[in-house]
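Fold and contact review
Chain by chain, the residues run as shown.
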Amino acid sequence: MSTPNISIVGTGYVGLSTAVGFASKGYKVITSTHDNEKASKINEGVAPFYEPNLQELLKKALKDDGLKCVLDCKEAVMNTDITFIATGTPSRPDGSANLEYIENSAHEIGEALKEKDAYHLIVVKSTVVPGTTEDVVKSAIEEYSNKQCGVDFGLCMSPEFLRQGAALHDTLNPDRIVIGEYDKRSGDVLESLYRNFYGKKPPPIIRTNLETAELIKHTNNAFLATKISFINSIANICERIPGVDVTTVAEAVGLDRRIGPSFLNAGIGYGGSCFPKDVKALIAYSRTLAYNPDLLIAVEKINETQPYRAVKLCKGFLGDLKGKRIAILGLSFKPNTDDMREARSIPIINQLLKEGATITAYDPVAVAVAKTIFANEIDYASSAIECLKNADCCILVTEWEEFKKLKPEDFTKNMKQPILIDGRRIYNPEDFSQKMKFTAIGLGAKIPAIVLGQNLFDRAN
Ligand code: UDX
């Protein structure tokens, strides 16, 4: 196989970023989805979600005839040599992953392979627990194709580690590549694709079996989530010690090379389509092995309560929230995306509404998505300054760059009562505390802890 043609089933963040990434390096790529509207958008050069550089690279790929999106998975498989499965694995109510989309993809790929003579490699990129690639994907493809894995087609599990908001950057510059292989031939074909794609300086490549690759992805996400809940737990301790700031604690601890500085930003917790879902899935999977993963359960619990810290801090200043107007800066689960899945803004806003507050929210790109969640239960502003107007308190929820540029005067001039709760630790406490009422997650209050204890820590601790 010299330069293989590539198909990708699924056009979410992983699928489309991978597709555009391959196309940007000259590969011919066919993506497939059952979503008619999404397919039309992609073929018209309109990215179906916000992601830096995606729009530009998608347009270029279409112009160069390097990418197209089809509605028929069979067409995608028949005209390519390697197929990546990048469909979603949403949570079921018990925390385990819903494999419906993966099963459907495997079924369709199997039906296509039935009519194909040449060897074809299938690569699972979706996040799945150990055993899924072999038990679900291999079985379905063999059943519907009437062909044999390892003989007529190859199978790999190669997890994707890209972050939303940096999806294309991460696709083009990964820390490492993991190849879980059913057999050596499958692994060789995929390694050769990656080596060709990354050129002279490829990232480290780890080759292993399917189950190990599946567990690596879950372990990676669970560890990062653990770092976040760990530092948030320390932040909650810091808040009870006057004069202690978690950012200084994290900075010093992060300089220990055994620990490292990343993912030690304390705040209102992690959201998004991966960490909450994947930690839950690993907990559910561990239980099927008769192991209760206490540490992961604690990680999840800390993350569930952490957003309410911001509400508690708000109540510490305002007392009863009935009739108070709260400005929410940021709605997406993190900057540079309009994705609001598991965004911490959701429990915060719901709790504030429950307590009778009125909300004005602003986000540079996520307002349209927020409207599908909150409809007209809250007010939407078209700028940060408009959001602050006449507010009794402001909660910084997402650390967008434009919010980092706000000065104390922007709050004092526009708000009814200038009170700011920094949920993501982007403001300098000294500057802000001098000019307005200010507090932040993990910032040891100057007022006695006993008072804080009564007012603030009864629910979210
Ligand atoms: C994550 C993983 O980073 C990525 O490798 C995997 O493929 C998918 O899941 P993503 O969900 O896009 O990526 O975002 P990430 O940047 O990891 O942030 C996740 C959440 O953690 C965000 O809500 C963010 O605000 C929060 N976070 C992150 C913290 O609260 N503190 C930190 O120090 C880092």
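Above this text is the structure in question.
What you see is a predicted model; the values in this text were computed from it and never measured. (Residues numbered from 1 in each chain as written. Predicted model: local features only at pLDDT ≥ 70, side-chain atom pairs only at ≥ 80, totals over all residues. Heavy atoms only, no water.)

For the rest of this paragraph, the subject is the site of the ligand. Neighbouring the ligand are 19 residues, the closest being Phe161, Leu162, Gln164, Asn265 and Lys334. Between the ligand and the protein, one listed contact pairs an oxygen atom with a side-chain N or O atom of Arg424 at 3.2 Å. Protein burial of the ligand: of its 660 Å² of free accessible surface, 93% is covered by the chains. With three residues, helix α9 (residues 210–238) is the single largest residue contributor to the shell around the ligand. (Near = heavy atom within 4 Å. Polar contact = N/O pair within 3.5 Å; in protein donor to acceptor, adjacent residues only side chain to side chain. Areas by Shrake-Rupley, 256 points an atom, 1.4 Å probe, with all protein chains shown as cover. Helix = DSSP H or I, 4+ residues; strand = E, 2+ residues; numbered from the N terminus.)

Where α9 meets helix α10 (residues 246–254), the axes come as close as 9 Å, and the angle between the chain directions of the two elements is 135°. For the element pair α9 / α10, the angle class is oblique. Crossing handedness for the pair α9 and α10: right-handed. Here Ile231, Ile234, Ala235 and Cys238 of α9 lie close against α10, whose contacting residues are Val246, Val249 and Ala250. Split into classes, the residues belonging to the contact of α9 with α10 amount to seven nonpolar, no polar and no charged. (Axes fitted to C-alpha atoms, helices over the stretch in contact; angles between N-to-C directions. Parallel < 35°, antiparallel > 145°, perpendicular 65-115°, else oblique. Left-handed = near helix turned anticlockwise from the far one by under 90°. Contact = heavy atoms within 4.5 Å. Nonpolar A, V, L, I, M, F, W, Y, C, P; charged D, E, K, R; others polar.)

Should the charged atoms of two oppositely charged side chains come close, the side chains can pair. Tallying each qualifying case throughout the model produces 25 salt bridges. With a closest N to O distance of 2.9 Å, Glu160 and Lys125 form a salt bridge. In this pair, Glu160 sits in the loop between β6 (153–157) and α7 (167–172) while Lys125 sits in the loop between β5 (120–124) and α6 (132–145), placing the two residues 35 residues apart along the sequence. One exposure class covers both Glu160 and Lys125, and it is buried. Residue Arg163 pairs with Asp170 through a salt bridge whose shortest N-O separation is 2.8 Å. Classification of Asp170 by relative accessible area gives buried; the value is 9%. (Salt bridge = Lys/Arg side-chain N within 4 Å of Asp/Glu carboxyl O. Buried < 20%, exposed > 50% of the residue type's maximum accessible area, 1.4 Å probe, protein only.)

The next thing to look at is the side chain of Thr132. The residue Thr132 is located in helix α6 in this model. Note on Thr132: relative accessible area 5%, which makes it buried. A polar contact is formed between the side chain of Thr132 and the backbone oxygen of Val129, at a distance of 2.6 Å.

Counting 37 residues, the largest nonpolar core has Ile326, Ile328, Leu331, Ile348, Leu352 and Ile395 as the members making the most contacts within it. Broken down by element, this core gets its largest block of residues, five residues, from helix α12 (residues 294–318). Beyond its immediate sequence surroundings of up to four residues, Ile395 is in contact with Ala310, Cys314, Ile326, Ala327, Ile328, Leu329, Ile348, Leu352 and Ile421. Tyr13, Leu58, Cys156 and Tyr194 belong to the second-largest nonpolar core, a separate cluster that totals 35 residues. (Core = buried A, V, L, I, M, F, W, Y, C linked by side-chain atoms within 4.5 Å.)

What follows concerns the packing of α12 against helix α13 (residues 345–354). Between two packed helices, both the angle of their axes relative to each other and the distance between the axes serve to describe the pair. Between α12 and α13, whose axes approach to 9 Å, the crossing angle comes to 45°. Accordingly, the angle class assigned to the pair α12 and α13 is oblique. Crossing geometry of α12 relative to α13 is assigned as right-handed. Of the residues in α13, those touching α12 at Pro307, Tyr308, Ala310 and Val311 are Pro347, Ile348, Gln351 and Leu352. Classifying every residue of the contact of α12 with α13 gives seven nonpolar, one polar and no charged.

Turning to its location among the elements, Gly10 is positioned in the loop between β1 (6–9) and α1 (13–24). For the pair Gly10 and Ile85, spaced 75 residues apart in sequence, the C-alpha to C-alpha distance is 6.7 Å. Apart from residues lying up to four places away in sequence, Gly10 is in contact with Gly15, Leu16, Ser32, Ala86 and Thr87.

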